[in-house]
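# An overview of the molecular structure
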Amino acid sequence: MRSFLFIPADSDKKLAKAGSTGADAIILDLEDSVALSNKEAARANARDYLKSASAEGPRVCVRMNALDTPFWESDLQAVIARRPFAIMIPKTISGDCVKTVAAKLDLLEREAGIEAGATRLFCVATETAASLFNLGTYAGSSARLFALTWGAEDLATALGARSNKDERGVYTEPYRLARTLTLAGAVAAGVIPLDGVYKDFRDEAGFVAEAREAVRDGFTAKMAIHPAQVPIINRIFTPSEEDIAHARSIVEAFARAGDVGVVAVDGVMLDIPHLKQAQALIARAEAARSL
Ligand code: COA
Ligand code: MG
């Protein structure tokens, strides 16, 4: 899975577009893109969408409201029986938040007569100051956890920042730290490191640059807020033919050399981490093909 497109669940017009965007997954938002007065309508829309969603379409996730609101349990009650692919928990502080939601899902799945553990969980794990100290606590929190992502907007508000980017449009230190900790936390937990959103949806060059940096650093998927961002994510997060050929040449060089820890390819020293990196890229390319 490479692209996750956010859709405010109170927007019939945007929901109608969901199936044709090419996103690997959509996230029906019940949280911050929905006004308080529309929470109930958004829940009903999400439930109806799940009921009629085609199995060939994008996987359907739902973003619940945060655990410190009066909404989250009603959000889950409204949608779990309709079998969303996953629930996104916003503003998590630690792996304990995952455990809290997982316990509620155990109950709701039982009531709905669906198999235990069918509903996956993923988190926006950097939206409060305290959350930055806990990115290592997601590992082992729940077998339901399948991805971790980060957010720079709520974090900026929480930290009292005037802006989260400098005059060149580059994230400042606190947000780069949040991004790095999310990447490491996700990899440590064995789940998908999912890069955050790019708000300026008309700035294609900026979006491409951010997506490339994410792939370079190890993220394997990215969220979109606008349909135009989806094909860009799908392209950039799918290894190119050139990348695959290069990875194959590394694997083959090791195979030819026999039982060795180091080889030379085109005048460059490569050892075991490079072999593993090449094998991982080939595995990702194969996974992208089987989507
Ligand atoms: N999902 C599905 N369709 C979307 C969409 C989305 N996230 N964003 C825009 N569209 C649709 C629009 O409805 C419009 O449809 P139309 O051609 O039938 O009129 C088309 O794509 C082009 O949209 P555009 O006019 O370029 O943007 P907009 O001004 O309508 O919307 C946003 C801009 C930012 C409000 C919108 O993209 C959006 O709501 N994004 C998601 C926000 C969100 O969920 N935030 C929470 C997570 S950070
Ligand atoms: Mg947020």
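Each value, and the rule that gives it
Residues numbered from 1 in each chain as written. Chains lettered and ligands numbered in written order. Predicted model: local features only at pLDDT ≥ 70, side-chain atom pairs only at ≥ 80, totals over all residues. Heavy atoms only, no water. Near = heavy atom within 4 Å. Polar contact = N/O pair within 3.5 Å; in protein donor to acceptor, adjacent residues only side chain to side chain. Areas by Shrake-Rupley, 256 points an atom, 1.4 Å probe, with all protein chains shown as cover. Helix = DSSP H or I, 4+ residues; strand = E, 2+ residues; numbered from the N terminus. Nonpolar A, V, L, I, M, F, W, Y, C, P; charged D, E, K, R; others polar. Pairing = 2+ DSSP bridges. Axes fitted to C-alpha atoms, helices over the stretch in contact; angles between N-to-C directions. Contact = heavy atoms within 4.5 Å. Donors = N, O, S within 2.8 Å, 3.2 Å for Na, K, Ca; no water. Buried < 20%, exposed > 50% of the residue type's maximum accessible area, 1.4 Å probe, protein only. Domains from an automatic or database assignment. Phe/Tyr/Trp six-rings, centres within 6.5 Å; stacked < 30°, edge-to-face > 60°. Core = buried A, V, L, I, M, F, W, Y, C linked by side-chain atoms within 4.5 Å. Expected span 1.5 Å × (residues − 1).

Moving on, we come to the site of ligand 1. Taken together, 15 residues surround ligand 1, and among them Phe6, Lys13, Lys14, Ile225 and His226 come closest. Lys14 is positioned such that a nitrogen or oxygen atom in its side chain is 2.8 Å from an oxygen atom of ligand 1. Across the complex, the protein chains shield 66% of the 890 Å² of accessible surface that ligand 1 would expose by itself. Every element with two or more residues in the shell around ligand 1 is listed here: strand 1 (3-8) and helix 1 (12-17). Per-element accounting of the shell around ligand 1 gives the leading share, 4 residues, to strand 1. Here the residues of the shell around ligand 1 sort into 7 nonpolar, 2 polar and 6 charged.

Take the sheet that holds strand 6 (residues 145-149) next. With parallel pairing, the 8 strands of this closed barrel are ordered in space as 1-2-3-4-5-6-7-8. Strand-to-strand twist in this sheet, taken as the mean axis angle between neighbours without regard to direction, amounts to 25 degrees. Here 2 bridges tie strand 7 (residues 192-195) to strand 8 (residues 221-224), and the two strands are oriented parallel to one another. Bridging from a neighbouring strand, Leu194 pairs with Ala221 of strand 8. Helix 4 (residues 95-112) contacts strand 4 (86-89), strand 5 (120-124) and strand 6 of the sheet and is inclined by roughly 150 degrees relative to strand 5.

Coordination sphere of the magnesium ion (ligand 2), protein contribution only: Glu127 (OE) and Asp154 (OD), at 2.0 to 2.1 Å. Taken together, the positions of Glu127 in the loop between strand 5 and strand 6 and Asp154 in helix 5 (residues 153-159) put the pair 27 residues apart, joining distant regions of the chain. Relative accessible area serves as the criterion here: at 5%, Glu127 is assigned to the buried category. Asp154 gets classed as partly exposed once you look at its relative accessible area, which sits at 21%.

Turning next to the domain arrangement of the protein chain. The domains assigned to the protein chain are domain 1 (3-236) and domain 2 (241-289). Just the C-alpha atoms count here: the centres of domain 1 and domain 2 sit 33 Å apart.

Mapping Ile192 onto the fold places it in strand 7. For the pair Ile192 and Glu127, spaced 65 residues apart in sequence, the C-alpha to C-alpha distance is 18 Å. Aside from chain neighbours lying at most four places away, what touches Ile192 is Phe146, Ala147, Leu148, Ala186, Thr220 and Ala221.

Another aspect to go through is the packing of aromatic side chains. This structure, assessed with the given rule, holds 7 aromatic pairs. When the centroid spacing of 5.4 Å and the interplanar angle of 90 degrees are considered together, the rings of Phe85 and Phe146 count as edge-to-face. In this pair, Phe85 is assigned in the loop between helix 3 (72-79) and strand 4 and Phe146 in strand 6, connecting sequence segments 61 residues apart. Side by side, Phe85 and Phe146 carry an identical accessibility label, which is buried. Where Trp150 meets Tyr171, the ring centres are 5.3 Å apart and the plane angle is 70 degrees; that geometry is what we call edge-to-face. Of this pair, Trp150 sits in the loop between strand 6 and helix 5 while Tyr171 is found in the loop between helix 5 and helix 6 (173-189), placing the two residues 21 residues apart along the sequence. When sorted by exposure, Trp150 lands in the same class as Tyr171, which is buried. Site record: aromatic cluster; members linked through ring pairs are Phe4, Phe85, Phe122 and Phe146.

Further remarks concern the nonpolar core. Formed by 60 residues in total, the largest nonpolar core has its most connected members in Ile26, Leu28 and Leu76. The biggest single contributor to this core is helix 4, with 5 residues. Grouped together as the second largest cluster of nonpolar side chains are 16 residues, Phe6, Ala25, Phe122 and Ile192 included.

The end-to-end C-alpha distance of helix 4 is 25 Å, a good match for the 26 Å that 18 residues give at a rise of 1.5 Å each. Along its buried surface, helix 4 packs onto helix 3, strand 4, strand 5 and strand 6. In the stretch just after helix 4, Gly113 is the one whose phi turns positive, near 70 degrees.

Turning to helix 7 (residues 204-217), a few remarks are in order. Helix length check: helix 7, at 14 residues, gives a terminal C-alpha distance of 20 Å against a target of 20 Å (1.5 Å per residue), a fit within 8%. When helix 7 is considered as a whole, its buried residues turn out to be Gly206, Phe207, Val208, Glu210, Ala211 and Ala214. Backbone geometry just after helix 7 places Gly218 at a positive phi near 125 degrees.

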